[in-house]
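As a plain string of letters, each chain reads:
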Amino acid sequence: GRVTVLEAPPLDLAPRVASAAIDDFAVPTGREEEWRFAPVAELAGFMNPDPAVGDLLADSSAHVRVVPADRAEASSWLPTDRPSAVARAGVRTVIEVRVAADEVVAEPIVVNLTGSAAANYGHVDVRVGRHAKATVVVVHDATVDASGSIVTQVGDGADLTMLSIIDGPPEHVHLWQWHADVGRDARFVGSVVTLGGRVVRIMPSVSYLAPGGSAELLGAFLADGPQYLEHRIFVNHEQPHCSSNVVYKGALSGEGAHTVWIGDVLVRREAVGIDTYELNRNLLLDDGPRADSVPNLELETGDVASAGHASATGRFDDEQLFYLQSRGITETLARQLVVRGFFVDVLGRIPSTQWRDLVLDRISNRLGMTASAVDDEVGALDDGMGA
């Protein structure tokens, strides 16, 4: 497989253009740094306003409501690329998720996005009040094209875990910006699982509103055949004594599969005492795919607790395969088990066992495994070791 692991020289990651005005962003040509990997020709439908584009919708619940865009609560978030500016200007409805201050929501709040047309704009606004705790699961409609944003505000002392899932046919385009503002002593965990889509570009970003905040950005992606999956992360450390941890893992197979991971971390001069680390691991399952990995870390101050990053791309561990095969597991299933185990480190941090198991089952299904086959082989392995 083709492997590219780049460690870029220090970049001036700020200021970035942030604007609600579409014309503040030129139509990408593919020669721009932030678009150089993407198949921009396939994204043309979301680069200019189109009144025929529909809206993503969701069912209302105790914590979820769908409101007209002109009646939605104002947001200070601004798009940072052209398609997100187009989507924000064109969206007619906003999906609001609200958790009140001091509220603890025991069960995950599920937002099932549904397309109203073949192509759709979307805007999801999540706000969790002071000292509240919740888990929010956003399930994207992978049977339509979509472009939009998820804007998240985590109040002071709050604890929010979010899970975003794109799983479906490898035929559609998904462009998403996902921004989180983290309050004082607040905790945010944002997990992205990308399994479906023809072209998927997700841009998670984090800013800190006050000292003491922590953010964990997790990702698991599985690309097969002609899929293009891009995850472009930006962590903006602008407050002292905050922390960030980024862990993304991807597995690729098939001719034409292409994944891109960009990890940008900027530690500003005033952000003393911060702790940050980012990691990307890619597993190539055969000779066809290509993985690009570009970690960037810019420090404007040396007064940090810890700062680092790592990236690696490789093939199967032959010792793992030998161990499994020596206990009677076929080579094909051994490879599938290794891939499943590769993702457990990331997915094991999802607090909801129901959704964690569901995602692992979906990955297993994509690998051609069934849950019963996994249980049978693991049971046989346990019996053999007990004997």
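The coordinates are above.
Predicted model only: the values in this text are computed from it and were never measured.

Draft legend 1. View of the sheet that holds strand E5 (residues 109-112). Pairing is parallel in the open sheet, where eight strands are placed in the order E5-E8-E10-E12-E14-E16-E18-E20. Every interior strand has two partners, whereas the edge strands, E5 and strand E20 (306-314), have only one. The sheet shows a mean angle of 10° between the axes of neighbouring strands, direction not considered. Both strand E10 (residues 159-166) and strand E12 (residues 187-194) contribute to a ladder of eight bridges, which runs parallel. What sits directly across from Leu 160, in E12, is Phe 188. On the sheet, helix H3 (residues 331-347) packs against E12, strand E14 (214-224), strand E16 (243-253) and strand E18 (275-284) and is oriented at approximately 160° with respect to E16. Here helix H4 (residues 353-366) sits on the sheet and contacts E5, strand E8 (133-139), E10, E12 and E14; the angle it forms with E10, its principal contact strand, is near 25°.

Draft legend 2. Representation of the nonpolar core in the model. If you look at the biggest cluster of nonpolar residues, it comprises 56 residues, and the most contacted ones within it are Val 111, Leu 113, Val 136, Leu 160, Met 162 and Phe 188. In terms of nonpolar packing, the next biggest core, distinct from the first, is built from 29 residues, Ala 251, Leu 333, Leu 337 and Trp 355 among them.

Draft legend 3. Summary view of the pattern of salt bridges. Using the criterion set out here, one finds 20 salt bridges in the structure. In this structure, the salt-bridge partner of Arg 187 is Asp 159, at a minimum N-O distance of 3.1 Å. Of this pair, Arg 187 sits in strand E12 while Asp 159 sits in strand E10, and the two are 28 residues apart along the sequence. Two residues, Lys 249 and Asp 345, come together in a salt bridge whose shortest N-O distance is 3.6 Å. Taken together, the positions of Lys 249 in strand E16 and Asp 345 in helix H3 put the pair 96 residues apart, joining distant regions of the chain. The class for Lys 249 is buried, based on a relative accessible area of 12%. Three or more residues joined by partner-sharing salt bridges are found here, namely Arg 65, Glu 73, Glu 96, Arg 98, Asp 125 and Arg 127.

Draft legend 4. Here's a closer look at empty space enclosed by the protein. If you walk through the whole model with that rule in mind, you get two cavities of 30 Å³ or more. A volume near 60 Å³ is recorded for the largest cavity. Taken together, Trp 35, Asp 81, Pro 83, Ser 84, Ser 147, Gly 148, Leu 175, Trp 176, Gln 177, Arg 201 and Met 203 form the lining of the largest cavity. Taken together, the elements giving at least two residues each to the lining of the largest cavity come down to helix H1 (82-90), strand E9 (145-154), strand E11 (173-182) and strand E13 (199-208). Among the elements that make up the lining of the largest cavity, the one with the highest residue count is E11 (three residues). Split into classes, the residues belonging to the lining of the largest cavity amount to five nonpolar, four polar and two charged. Put simply, the second largest cavity is a space of about 30 Å³. Taken together, His 140, Ile 150, Ser 164, Ile 166, Trp 176, Trp 178 and Ile 202 make up the lining of the second largest cavity.

Draft legend 5. Up close: the environment of Val 294. Residue position: Val 294 is located in strand E19 (residues 290-299). Through-space distance from the C-alpha of Val 294 to that of Val 260 is 8.1 Å; in sequence the pair is 34 residues apart.

Draft legend 6. Representation of the packing of H3 against H4. Across the interface, H3 lies against H4 with an axial gap of 11 Å and an inter-helix angle of 155°. It follows from the interaxial angle that H3 and H4 lie roughly antiparallel. The handedness of the crossing between H3 and H4 comes out as right-handed. Every residue of H4 that contacts H3 at Arg 340, Phe 343, Val 344 and Leu 347 is listed here: Arg 356, Val 359, Leu 360, Asp 361, Ile 363 and Ser 364. When grouped by side-chain class, the residues that make up the contact of H3 with H4 number six nonpolar, one polar and three charged.

Draft legend 7. Focus on unusual backbone geometry. At Asp 102, a residue that is not glycine, the phi angle is positive and equals roughly 70°. Assignment of secondary structure puts Asp 102 in the loop between strand E4 (93-99) and E5. Unusually for a residue other than glycine, Asp 185 sits at a positive phi of about 55°. Structurally, Asp 185 is set in the loop between E11 and E12. Here Asp 185 falls in the exposed class, since its relative accessible area comes to 53%.

Basis of the calculations
- Residues numbered from 1 in each chain as written.
- Predicted model: local features only at pLDDT ≥ 70, side-chain atom pairs only at ≥ 80, totals over all residues.
- Heavy atoms only, no water.
- Pairing = 2+ DSSP bridges.
- Helix = DSSP H or I, 4+ residues; strand = E, 2+ residues; numbered from the N terminus.
- Axes fitted to C-alpha atoms, helices over the stretch in contact; angles between N-to-C directions.
- Contact = heavy atoms within 4.5 Å.
- Core = buried A, V, L, I, M, F, W, Y, C linked by side-chain atoms within 4.5 Å.
- Buried < 20%, exposed > 50% of the residue type's maximum accessible area, 1.4 Å probe, protein only.
- Salt bridge = Lys/Arg side-chain N within 4 Å of Asp/Glu carboxyl O.
- 1 Å grid on protein atoms, 1.4 Å probe; cavity = no way out; pocket = protein on both sides within 12 Å on 5 of 7 lines; lining within 4 Å.
- Points joined across faces, edges and corners; volume = space filled by probe spheres on them.
- Nonpolar A, V, L, I, M, F, W, Y, C, P; charged D, E, K, R; others polar.
- Parallel < 35°, antiparallel > 145°, perpendicular 65-115°, else oblique.
- Left-handed = near helix turned anticlockwise from the far one by under 90°.

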